[in-house]
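# Residue-level structure breakdown
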Amino acid sequence: MAEEENTETIRPEFPTGRVKRIMKLDRDINKVNSEALFLVSCSAELFLRFLAEKSSEVVIQKNRKTVKLEHMRIAVQRHRPTSDFLLDSLPLPSQPSDRPATDHNRSRPVAEKPVPAGTRRIDDFFNKPTDKIPVQIDNDEA
């Protein structure tokens, strides 16, 4: 009996154009090979699936129904390889739902970790640029 080949094509769930744009945020990357784009898309999908599963396990343990940032932080802290690179990038939760609110936690400003030279934070990609001067239109017809 010969094994049947699985000829089903694998298609990544993420839009390849957006993944390519995010990859090109790195100034060292000029061109993105289609195979590399495919692998990065698939690996990002697998990673997010893993993160969602681990976060849902935390939600079940805490008897909650909604996954929140604090649950994701706990899931990341429990998995050492993920914690090493992702924990610093996750924002601090504003107020955990398990503890009552205190003024001590609110008064502390959150200090952002400085990024290494030549790199940008991924959330900069999704924000509108603030360094551009707005164009003023003069509607006075005199």
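Scroll up for the structure.
Residues numbered from 1 in each chain as written. Predicted model: local features only at pLDDT ≥ 70, side-chain atom pairs only at ≥ 80, totals over all residues. Heavy atoms only, no water.

### Section: the packing of helix H1 (residues 16–23) against helix H2 (residues 34–61)
The geometry of H1 relative to H2 is characterised by a closest axis approach of 10 Å and an angle of 100° between their N-to-C directions. Taken together, the axis directions place H1 and H2 in an arrangement best described as roughly perpendicular. Residue-level contacts link Thr16, Val19, Lys20 and Met23 of H1 to Leu37, Val40 and Ser41 of H2. Residues belonging to the contact of H1 with H2 are distributed by class as follows: four nonpolar, two polar and one charged. (Axes fitted to C-alpha atoms, helices over the stretch in contact; angles between N-to-C directions. Helix = DSSP H or I, 4+ residues; strand = E, 2+ residues; numbered from the N terminus. Parallel < 35°, antiparallel > 145°, perpendicular 65-115°, else oblique. Contact = heavy atoms within 4.5 Å. Nonpolar A, V, L, I, M, F, W, Y, C, P; charged D, E, K, R; others polar.)

### Some details on the environment of Arg11
Relative to the helices and strands, Arg11 is located in the segment before H1. Overall, the relative accessible area of 68% leaves Arg11 in the exposed class. Between the alpha carbons of Arg11 and Ser41 there is a distance of 9.2 Å; along the sequence they are 30 residues apart. (Buried < 20%, exposed > 50% of the residue type's maximum accessible area, 1.4 Å probe, protein only.)

That's the geometry; what it means functionally is another story.
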